[in-house]
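The primary structure of each chain is shown beneath.
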Amino acid sequence: MTLTITLIALLVTMALALIRAIKGPTVYDRILASNALGTKTVLMIAVLGFVVGDPELYIDIALMYVLIGFIGTVAVLKVSEFGNLGQPQSRTDPEDT
Amino acid sequence: MLIETVNIVLLALLAVTAIAAVRLHDLFAVAMMFSIYSLLAAAMFVLLDAVDVAFTEAAVGVGISTVLMLGTIGLVGRHEQPSTRRSLLPLAVVIATGAALIYGTLDMPFFGDPTAPVHQHVAPFYITGSPSQTGVPNVVTSILASYRGYDTLGELAVIFTAGVGVLALLGLRRRKRPGKEETTK
């Protein structure tokens, strides 16, 4: 029962975060929304592990998703800050300045 | 019952994400939509008990392909060119091809039908034999890593060769540049 309520709450939160990611007027709304959506997906997988009855495997998968989602978030933030992912032409070395 | 409901909600979110990715014009947002799409698809693969496919989808879709798309956006700019041409002929071609493909599936057995030939040929052998023959609890993992081990090894060799080739194209030029500066200094 508790797991069912938790799952429903997580799915509703995912839907709300998706709406914000689609509508979000600024880039930062979208970054925050997609990050929240990733976190909610990870939590949903962890909860589903207890529903299915195999929590160890599902929590391993959830941890892996957190790590991978972090890469995407870092790339998105870097592009929104610098405009690229570091081309050799535009790179400014600390030694040059 | 609960799992089916979660599946249906995830599929609905997937459809919403796909439509949003087509309709948005800010390519930065589209890249993030693709990332969200891959995340939801990976969650669905976990629900279907295909953990390896879910790992691959998460690593490639959420990680690498998002980084590649963002790198491309950094090169080409983040706004879509408005299309002025009317695209009736491509639409007609796509609809005709889609109708032909759907017509082609009418002969096939229903999705998930246990009496379908594809589930009767070698699948019972793998399902009954894989725990005792390979010792891997997940059937998909045992097929990928044990029964098709040499195939997977060949794929790894191909991917490694491609990676080395890309590094040879990109990395050498980048290494030389700071070296030249050091010699001129």
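For the structure given in this document, a descriptive report is provided here. (Residues numbered from 1 in each chain as written. Chains lettered and ligands numbered in written order. Predicted model: local features only at pLDDT ≥ 70, side-chain atom pairs only at ≥ 80, totals over all residues. Heavy atoms only, no water.)

### Some details on helix H5 (residues 123-134) of chain B
Residue and element names in this part refer to chain B. Among all positions of H5, only Ala123, Gly129 and Ser130 are buried. Down the axis of H5, the buried side of the element spans an arc of 130°, and every buried residue falls inside it. Residues of H5 that are exposed and point over 90 degrees away from its buried face: Ile127, Thr128 and Ser132. For H5, the elements touching its buried residues are helix H6 (139-147). Downstream of H5 by one or two residues, Gly135 has phi in the positive range, about 80°. (Buried < 20%, exposed > 50% of the residue type's maximum accessible area, 1.4 Å probe, protein only. Helix = DSSP H or I, 4+ residues; strand = E, 2+ residues; numbered from the N terminus. Arc of directions from axis to C-beta. Contact = heavy atoms within 4.5 Å.)

### Here we look at the packing of aromatic side chains
All names here are of chain B. Throughout the structure, instances matching the rule amount to 3 aromatic pairs over all chains. Each ring, one from Phe125 and one from Tyr126, has its centre 5.7 Å from the other, and the planes form 50°; the classification is tilted. Ring centres of Tyr126 and Tyr147 lie 4.6 Å apart, and the angle between their planes is 55°; this geometry places the pair in the tilted category. Of this pair, Tyr126 sits in helix H5 while Tyr147 sits in helix H6, and the two are 21 residues apart along the sequence. Assessed through its relative accessible area of 27%, Tyr147 is described here as partly exposed. (Phe/Tyr/Trp six-rings, centres within 6.5 Å; stacked < 30°, edge-to-face > 60°.)

### Considering the packing of helix H1 (residues 2-23) of chain B against helix H2 (residues 27-47) of chain B
Residue and element names in this part refer to chain B. It is at 9 Å that the axes of H1 and H2 come closest, and there the two elements cross at 160°. By the angle class used here, H1 and H2 are roughly antiparallel. Considering how the two elements wind past one another, H1 and H2 form a crossing that is left-handed. On H2, the residues touching Ile3, Val6, Asn7, Leu10, Leu11, Leu13, Leu14, Thr17, Ala18, Ala20 and Ala21 of H1 are Val30, Met33, Phe34, Ile36, Tyr37, Leu40, Ala41, Ala43, Met44 and Leu47. Residue composition of the contact of H1 with H2, by class: 19 nonpolar, 2 polar and no charged. (Axes fitted to C-alpha atoms, helices over the stretch in contact; angles between N-to-C directions. Parallel < 35°, antiparallel > 145°, perpendicular 65-115°, else oblique. Left-handed = near helix turned anticlockwise from the far one by under 90°. Nonpolar A, V, L, I, M, F, W, Y, C, P; charged D, E, K, R; others polar.)

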